[in-house]
Structures are given as structure tokens and as C-alpha cells.
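Residue strings, one per chain:
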Amino acid sequence: MEDCLFCKIIKGEIPSEKIYEDDDILAFNDINPLAPIHFLVIPKKHIASLAHIEAGEEQIIAKIYNIINKLAEEKGFKEKGYRVIVNCGEDGGQEVMHLHFHVLAGKKL
Ligand code: 5GP
Ligand code: ZN
């Protein structure tokens, strides 16, 4: 998607602090962190929002949750806990129209 901010981050056209990457998924630190740990996990395929997931794309959501748990373990916040947020659409407060999972940790939320 040409005008999508997160697609540009995936392509490396906009710099980001990447913390995980594979063929399907990218995780990078949020530019405006709301907790000591705040990163975003996104599918590399452009999916506009949770409401735009099509049949056959459910697997990517399962994979994203697996990666979140893997990163929680690696970064040492799995035991203490964390919050995963997905904003969807205008009323949901979604500002970037490329599906993303916020992961917040490192303090009592
Ligand atoms: P939303 O409100 O759409 O759920 O969340 C979008 C998130 O993307 C916000 O937390 C915002 O700080 C983050 N963000 C916006 N622009 C950039 C950027 O250029 N780089 C990074 N790393 N995060 C961004
Ligand atoms: Zn995109």
C-alpha cells in the first residue's frame, strides 16, 4: 500500500527500531511509548484493520499472538504481565490504518 505509514516502515522507507522480523510479521518500538515497554506487532501483508480480516487470514492473528508471547519471554515481562490493545476504526481510536497490536509492559497499567 503506497500511502500506508506502516507499509513504508516494513519496506524500510521510514526508519524504526525493529525488535522482531520474519517473512510475515514485524515488531518495532512505538515512537510515542505509553509504558516503559511499548511496541507494535504488525502483519507484513497490508490489512487495514481488525474489521478487514478476510477468510484465510486468521492464521496471521494466531501467529502474532505467538510472537507476542515469545517476545514477552525474551524481554522478561511474561511473568509480570502485559497488555495487548488493538484499536479498530474511527470510534476505536485507530489512527494508522494498517492492523497493529500494541504491546505494553514494564509498569502496573
Ligand atoms: P493507533 O492509534 O492507530 O492504534 O496507534 C498508532 C500508533 O503508531 C501510535 O501509538 C503511534 O505512536 C505509533 N506511530 C505513529 N507513527 C509512527 C512512526 O512513524 N513510527 C513508529 N515507530 N510508531 C509510530
Ligand atoms: Zn500498510
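From a predicted model like this one, the values you see are computed outputs, not experimental measurements.

**Here we look at the coordination of the zinc ion (ligand 2)**
No. 1: Only Cys 4 (SG), Cys 7 (SG), His 46 (ND1) and His 98 (ND1) from the protein reach the zinc ion (ligand 2) as donors, at distances of 2.1 to 2.3 Å.
No. 2: Classification of the site at the zinc ion (ligand 2) rests on its four donor atoms, whose angles at the metal span 104 to 116 degrees, yielding the label tetrahedral.
No. 3: Spacing between the donor residues of the zinc ion (ligand 2) along the chain follows C-x2-C-x38-H-x51-H. With Cys 4 in the segment before helix 1 (5-11) and His 98 in the loop between strand 4 (83-85) and strand 5 (101-105), the pair connects residues that are 94 residues apart, well separated along the chain. Just as Cys 4 is buried, His 98 falls in that class too.

**Quick notes on the packing of aromatic side chains**
No. 1: The full count for this structure, using the stated rule, is four aromatic pairs.
No. 2: Seen from their ring centres, Tyr 65 and Phe 101 are 5.5 Å apart, and the 85 degrees between their planes marks the pair as edge-to-face. Taken together, the residues Tyr 65 in helix 2 (residues 58-75) and Phe 101 in strand 5 connect sequence positions 36 residues apart.
No. 3: Arranged with centres 5.4 Å apart and planes meeting at 75 degrees, the rings of Phe 77 and Tyr 82 form a pair that is edge-to-face.
No. 4: Cluster of aromatic residues (ring-pair linked, three or more members): Phe 39, Phe 77 and Tyr 82.

Parameters and conventions
- Residues numbered from 1 in each chain as written.
- Chains lettered and ligands numbered in written order.
- Predicted model: local features only at pLDDT ≥ 70, side-chain atom pairs only at ≥ 80, totals over all residues.
- Heavy atoms only, no water.
- Donors = N, O, S within 2.8 Å, 3.2 Å for Na, K, Ca; no water.
- Tetrahedral: all angles 85-135°; square planar, octahedral: opposite > 155°, others 65-115°.
- Helix = DSSP H or I, 4+ residues; strand = E, 2+ residues; numbered from the N terminus.
- Buried < 20%, exposed > 50% of the residue type's maximum accessible area, 1.4 Å probe, protein only.
- Phe/Tyr/Trp six-rings, centres within 6.5 Å; stacked < 30°, edge-to-face > 60°.

Keep in mind that these numbers describe shape and distance, not what the molecule does.
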